[in-house]
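Survey of secondary and tertiary structure
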Amino acid sequence: MDLSSLLLFIPACFALNMAPGPNNLLSLHNASRYGLRTACVAGAGRLLAFSGMIALAAMGLAVVLHTSEYLFLAIKVLGAGYLFYIAWQLWRAPLAQAAGTGEQPRGTWKLARQEFWVAAGNPKAILIFTAFLPQFVAVGSTVPVGEQFLQLGALFLLLEWAAIAIYAGLGAYLQRWFERPGPRRLFNRVSASLLGCAGLGLLAARR
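Calculation notes
- Residues numbered from 1 in each chain as written.
- Predicted model: local features only at pLDDT ≥ 70, side-chain atom pairs only at ≥ 80, totals over all residues.
- Heavy atoms only, no water.
- Helix = DSSP H or I, 4+ residues; strand = E, 2+ residues; numbered from the N terminus.
- Buried < 20%, exposed > 50% of the residue type's maximum accessible area, 1.4 Å probe, protein only.
- Contact = heavy atoms within 4.5 Å.
- Areas by Shrake-Rupley, 256 points an atom, 1.4 Å probe, with all protein chains shown as cover.
- UniProt positions renumbered as here; feature names shortened; annotations may be inferred.
- Phe/Tyr/Trp six-rings, centres within 6.5 Å; stacked < 30°, edge-to-face > 60°.
- Patch = residues over 30% accessible without salt bridge, like charges linked within 9 Å, V, L, I, M, F, W, Y side chains within 5 Å.
- Salt bridge = Lys/Arg side-chain N within 4 Å of Asp/Glu carboxyl O.
- Polar contact = N/O pair within 3.5 Å; in protein donor to acceptor, adjacent residues only side chain to side chain.

Before going further, it helps to spend a moment on the overall build of the protein chain. Along the backbone of the protein chain there are 10 helices and 0 strands. In sequence order, the protein chain lays out its α and β elements as α-α-α-α-α-α-α-α-α-α. Every one of the 207 residues in the protein chain was classed for burial, and the buried ones make up 41%. A separation of at least 24 residues holds for 87% of the contacts in the protein chain among residues at least 6 apart in sequence. Roughly 11000 Å² of accessible area belongs to the protein chain as shown, and the carbon and sulfur atoms make up 68% of that amount.

Below, the discussion takes up the UniProt feature "transmembrane region" (unreviewed entry) in the protein chain. According to UniProt, the "transmembrane region" (unreviewed entry) feature falls on residues 6–26, 47–64, 70–88, 116–137, 149–174 and 186–205. Segment residues 6–26 splits into 86% helix and 0% strand. End C-alpha atoms: 29 Å apart. Helix makes up 96% of residues 149–174 and strand makes up 0%, while its end C-alpha atoms are separated by 38 Å.

So, about the packing of aromatic side chains. Overall, the coordinates contain 2 aromatic pairs when judged by the stated rule. Aromatic pair phenylalanine 50 and phenylalanine 156: ring centres 6.1 Å apart, planes at 70°, arrangement edge-to-face. Remark: phenylalanine 156 occurs in helix H8 (residues 145–173) and phenylalanine 50 occurs in helix H3 (residues 36–58); sequence separation between them is 106 residues. Taking the centre distance of 5.0 Å and the plane angle of 85° together, the rings of phenylalanine 116 and tryptophan 117 count as edge-to-face.

Let us now look at a nonpolar patch on the surface. The grouping of Leu73, Val77, Phe84, Leu200 and Leu203 at the surface amounts to a nonpolar patch, some 410 Å² of accessible area in total. Of all elements in the fold, only helix H5 (69–91) and helix H10 (181–204) reach the threshold of two or more residues within the nonpolar patch. Checked against the element boundaries, phenylalanine 84 lands in helix H5. Assessed through its relative accessible area of 32%, phenylalanine 84 is described here as partly exposed.

Along the chain, glutamate 160 turns up in helix H8. In this structure the side chain of glutamate 160 is engaged in a polar contact, spanning 2.7 Å, whose partner is the side chain of asparagine 17.

The following block contains the structure:
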């Protein structure tokens, strides 16, 4: 990629990474409850899901998702259902479980799996990879198209990791404020409402 294309790709890509979607909201919530390090480690689950999507898009298999209405419908219904489940858990979360800096979650890898399934349950993510990344592939280049695509995907994941760190940092910064029952209840219920809205938006999404 030449310098002019790179200067266009990075801010456009980072804007996508920083969009306040369900995964970024999870990073914010996890950091506010369990700390910065745990939230960043859990974010690896999201990166794993996106890596699989990028690989599928690079191999051209994403065309199946474009053409199969039933597969798209099945994925988005399952993804929306999982978002509703997380929203319900947050809404009913006991305030006595509000965490301090040293609290250990039920399992960091459980949080990572949660990040993974939220990312994997959004079929529009793979459509972003098939619609956005190819715009920056130079067809006439000496570098094979597949290799270029994977390089762009790696840069996307790097910027996604930066977004995880930023949202987790914000959550960690607000952690002390969230230790109080009132703000914790408000944050849990606002988060639950936003995740529920994300689930409704996913159900309403078209290919």
